[in-house]
Amino acid sequence: MKPPDRRAALAQYRARAAVYDLELALFEPIRRQAIARLALQPGQTVLDIGCGTGLSLPLLEAGVGLQGRIVGIEQSPEMLARARQRVRAHGWRNVRLVCAPAEEASIPGRADAALLHFTHDILQRPEAIANVLAHLRPGARVVASGLKWAGRWRWPVNLFVLPAALRSVSSLQGLAAPWAGLAQALTALELDTVLLGAVFVASGKLRESTPPRR
Ligand SMILES: C[S@@+](CC[C@H](N)C(=O)[O-])C[C@H]1O[C@@H](n2cnc3c(N)ncnc32)[C@H](O)[C@@H]1O
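Residues numbered from 1 in each chain as written. Predicted model: local features only at pLDDT ≥ 70, side-chain atom pairs only at ≥ 80, totals over all residues. Heavy atoms only, no water.

Whenever I open this one, the site of the ligand confuses me. Can you help?
Among the 18 residues in the neighbourhood of the ligand, the closest are listed as Tyr20, Arg31, Gly50, Glu74 and Ala102. Between the ligand and the protein, one listed contact pairs a nitrogen atom with a backbone N or O atom of Gly50 at 2.6 Å. In the environment of the ligand, a nitrogen atom lies 3.1 Å from a nitrogen or oxygen atom belonging to the side chain of Glu103. With the chains in place, 98% of the 590 Å² that the ligand exposes on its own is no longer accessible. Counted by class, the shell around the ligand contains 9 nonpolar, 5 polar and 4 charged residues. (Near = heavy atom within 4 Å. Polar contact = N/O pair within 3.5 Å; in protein donor to acceptor, adjacent residues only side chain to side chain. Areas by Shrake-Rupley, 256 points an atom, 1.4 Å probe, with all protein chains shown as cover. Nonpolar A, V, L, I, M, F, W, Y, C, P; charged D, E, K, R; others polar.)

I keep staring at the nonpolar core and nothing clicks. Help me out?
Side chains of a nonpolar character, in soluble globular proteins, are inclined to be buried together. The biggest cluster of nonpolar side chains holds 37 residues, and the ones touching the most others in it are Leu38, Val46 and Leu60. When residues of this core are assigned to their parent elements, the largest contribution, 4 residues, is made by helix H5 (residues 77–90). Setting aside residues up to four positions removed in sequence, Leu60 forms contacts with Ile35, Leu38, Leu40, Val46, Asp48, Ile70 and Leu115. In this structure, Ala114, Ile129, Leu136 and Ala140 belong to the second largest nonpolar core, which totals 30 residues. (Core = buried A, V, L, I, M, F, W, Y, C linked by side-chain atoms within 4.5 Å. Buried < 20%, exposed > 50% of the residue type's maximum accessible area, 1.4 Å probe, protein only. Helix = DSSP H or I, 4+ residues; strand = E, 2+ residues; numbered from the N terminus. Contact = heavy atoms within 4.5 Å.)

See below:
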């Protein structure tokens, strides 16, 4: 199966940016579940990888507070423009937004936590995972969530997953277990599935032994 395709992904989210927030409404309870798993503390720094239009920012702000920091990484200029509007509208001064692919982004410092919410293409890029993990402190909490195949015997659910995935990702590679690459670097892995197996929430802590990449 072909790997993620940056040009296709950029075109996908250029077309989708204006309607994205509405389309995600069904999945908002899962966002709350995923961000709760980060167990954020006031003053911490959290990475929002593939932050899109910034829908996670209010909950991340509530977690880290005014003394904390949020770094959003997003490759689509159209999606990120909406995240910037959100930051301006709220007057948040502790959010840094970086327009770059996760595999190339220059990420400041070492964060306490990372969120990858509905970021299948990123999870399928080992170099993106490596870049993100290299900018986390050992023991940092990492949460990934998103669509998955519901399983061989749940084909009616997969009839919902397929069109949703085709609208969201540039490659269906790894859709049976999208967290698999990331999970290798984590301990205390917890995996939940919701919506009849169509969505996963995976969380864990970065292994102490993961070497810094840069
Ligand atoms: C389904 S959206 C999720 C957005 C956001 N995380 C949310 O929860 O609403 C996937 C996002 O990942 C971004 N993306 C895809 N591949 C990327 C990459 N390699 N680096 C950075 N962003 C990427 C897309 O542009 C898109 O905004």
